[in-house]
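As a plain string of letters, each chain reads:
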Amino acid sequence: MDKRTKKITEVLLFIYLILFPFGQLPSFTAKISEASIRAHPADIVALVIAAVFLTKKFAKPNIWRHFKNLLYGLGFSLIFSLTIFEPQQLLIGFLYLLRLIGYSFFFLAIWNYLKRVAARKILFGSLIAVSLFSSLFGLLQYFVYPDVRALVEWGWDDHLYRLVGTFLDPSFTSIFLVFGFLGAFAAYIRTRKKYFLPLLAVILISITLTYSRAGYLALFAGLTTLLFINKKLKRILSILALFLFILAAVPNWGSEGVRLLRTRSIFARLTSYSEAIALTSKSPVFGIVYNNLCIAKEKFLGNPANYDSHSCSGVESGLLLLLATSGIVGLFMFVYLILKLGAGVGRDLYGTTFIASGAALLVHSLFVNSLFYPWVMGWMGILLAISLKEKNLRK
């Protein structure tokens with residue numbers, strides 16, 4: 001990557017990080033045929049970074065070939081699905097696949113950009129700052145505008161007295177708070193700098209106020225992994241006790257959503273899981289095209305395609321979404337990629353944070369379609385670029 005491309009990448013990356021904590025707020029809807037596609041400025045910046053990067057020669061880490069294999073598998077699924085759908089019905093799935101390809105090259109661009117240790121440190125700190133700002137925006141919403149039920153008119157869920165943040169959903173907001181908490185906690189373990197403590201407290205309180213059980217489980221999974229790697233697993237009990245104390249202290253009245261024993265969302269997830277399994281049975285080997293779920297639900301399950309609904313193209317499980325849309329082949333390639341990523345990152349501050357965040361994300365994605373959420377792909381792409389071992393360098 002030449003100096004000019006690095007400078008452009010640096011500026012665009014700075015813009016991306018500024019846009020990140022604003023989440024869904026600056027997003028807009030574009031009409032493509034009969035479908036409504038929600039476009040995000042952060043997405044656009046990430047894809048521009050990838051496009052600028054592809055105009056120049058670049059190096060590739062060894063792990064890149066496993067990314068390519070997954071993308072090839074998803075591309076073959078797209079071609080194979082022509083035996084199931086009409087070409088015009090595959091447009092939405094193709095656009096989702098194009099975004100996934102774009103974020104893969106976004107990671108590669110950041111990896112090429114980060115050749116200096118100082119740049120890695122700055123970018124890691126920037127990710128924690130992004131999580132902190134997401135937390136502060138969420139707290140502002142919680143205390144100033146706790147009733148967001150009016151957002152139902154725009155396809156969002158009705159939430160009352162929950163921290164939904166700028167991502168307009170407590171579950172998705174919770175995973176970014178968990179990522180930030182894990183990064184800050186990993187830094188505190190390594191440095192013992194006291195200024196991390198108030199930051200950790202703010203983010204932890206924010207996670208609690210999401211009342212997202214998926215977020216809670218993700219936090220526990222990530223912390224357990226982080227403490228295990230650092231050989232400090234005994235501390236998980238004290239951290240868990242602190243979290244339970246905060247949970248008991250915050251209000252648990254005002255809506256169904258703040259009741260941790262609520263069952264409505266459980267039944268909704270079970271329905272979503274059963275739909276994913278039913279769709280998988282239609283094409284178990286190669287799937288029905290990455291994120292082509294909306295039209296597939298209409299064709300095979302009789303559910304009207306409503307592109308204005310944010311749940312139409314999703315399944316309440318990232319792994320089941322991958323299985324339904326790319327089949328057994330795609331799921332196998334993804335699991336293999338995950339194993340290679342775990343072996344490819346270092347065991348320093350950045351690598352342990354990546355592994356802990358990955359564990360948190362995998363647990364979170366069992367209950368929420370967060371695995372391929374664009375901001376999640378951006379966050380994990382940056383963190384992976386920071387974390388990869390230098391010996392993986394390959395021209």
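Residues numbered from 1 in each chain as written. Predicted model: local features only at pLDDT ≥ 70, side-chain atom pairs only at ≥ 80, totals over all residues. Heavy atoms only, no water.

Trainee: Can you help me understand the environment of Ser 171 in this one?
Mentor: On the secondary structure map, Ser 171 appears in helix 6 (residues 170-191). Sequence spacing of Ser 171 and Leu 383 is 212 residues, and the spatial spacing of their C-alpha atoms is 21 Å. Once you skip the residues sitting within four places of it in the chain, Ser 171 turns out to touch Ser 212, Arg 269, His 364 and Val 368. (Helix = DSSP H or I, 4+ residues; strand = E, 2+ residues; numbered from the N terminus. Contact = heavy atoms within 4.5 Å.)

Trainee: Help me understand unusual backbone geometry in this model?
Mentor: A negative phi holds for most residues other than glycine; trans holds for most peptide bonds. Of note, the phi angle at Arg 192 is positive, near 65°, even though the residue is not glycine. Tracing the sequence through the fold places Arg 192 in the loop between helix 6 and helix 7 (196-210). Here Arg 192 falls in the partly exposed class, since its relative accessible area comes to 36%. For Tyr 211, which is not glycine, the phi dihedral falls at a positive 55°. If you trace the backbone, Tyr 211 turns up in the loop between helix 7 and helix 8 (213-229). Under the relative-accessibility criterion, Tyr 211 is labelled buried at 2%. (Buried < 20%, exposed > 50% of the residue type's maximum accessible area, 1.4 Å probe, protein only.)

Trainee: Mind showing me how you'd approach the confidence of the model for the protein here?
Mentor: Keep in mind that low pLDDT regions are not for reading the predicted coordinates in detail. For the protein, the average pLDDT comes to 86, and 91% of its residues sit at 70 or higher. Under a pLDDT of 50 for its full length, residues 391-395 has, in the predicted model, 14 contacts with residues more than four places off or in other chains. (pLDDT = per-residue confidence, 0-100.)

Trainee: Even after reading the chapter, I still don't get the packing of helix 10 (residues 264-280) against helix 11 (residues 293-301), so can you show me in this structure?
Mentor: Between two packed helices, both the angle of their axes relative to each other and the distance between the axes serve to describe the pair. One can describe the packing of helix 10 onto helix 11 by two numbers: an axis separation of 11 Å at closest approach and a directional angle of 80°. It follows from the interaxial angle that helix 10 and helix 11 lie roughly perpendicular. For the pair formed by helix 10 and helix 11, the contact residues are Glu 275, Ala 278 and Leu 279 on the first element and Leu 293, Ala 296, Lys 297, Phe 300 and Leu 301 on the second. Of the residues belonging to the contact of helix 10 with helix 11, the class tally is 6 nonpolar, no polar and 2 charged. (Axes fitted to C-alpha atoms, helices over the stretch in contact; angles between N-to-C directions. Parallel < 35°, antiparallel > 145°, perpendicular 65-115°, else oblique. Nonpolar A, V, L, I, M, F, W, Y, C, P; charged D, E, K, R; others polar.)

Trainee: Would you mind showing me how to read helix 14 (residues 374-387) here?
Mentor: Count 3.6 residues to each turn of an α-helix, and residues three or four apart come out pointing the same way. The end-to-end C-alpha distance of helix 14 is 20 Å, a good match for the 20 Å that 14 residues give at a rise of 1.5 Å each. Most of helix 14 sits inside the fold, with 14 of its 14 residues counted as buried. (Expected span 1.5 Å × (residues − 1).)

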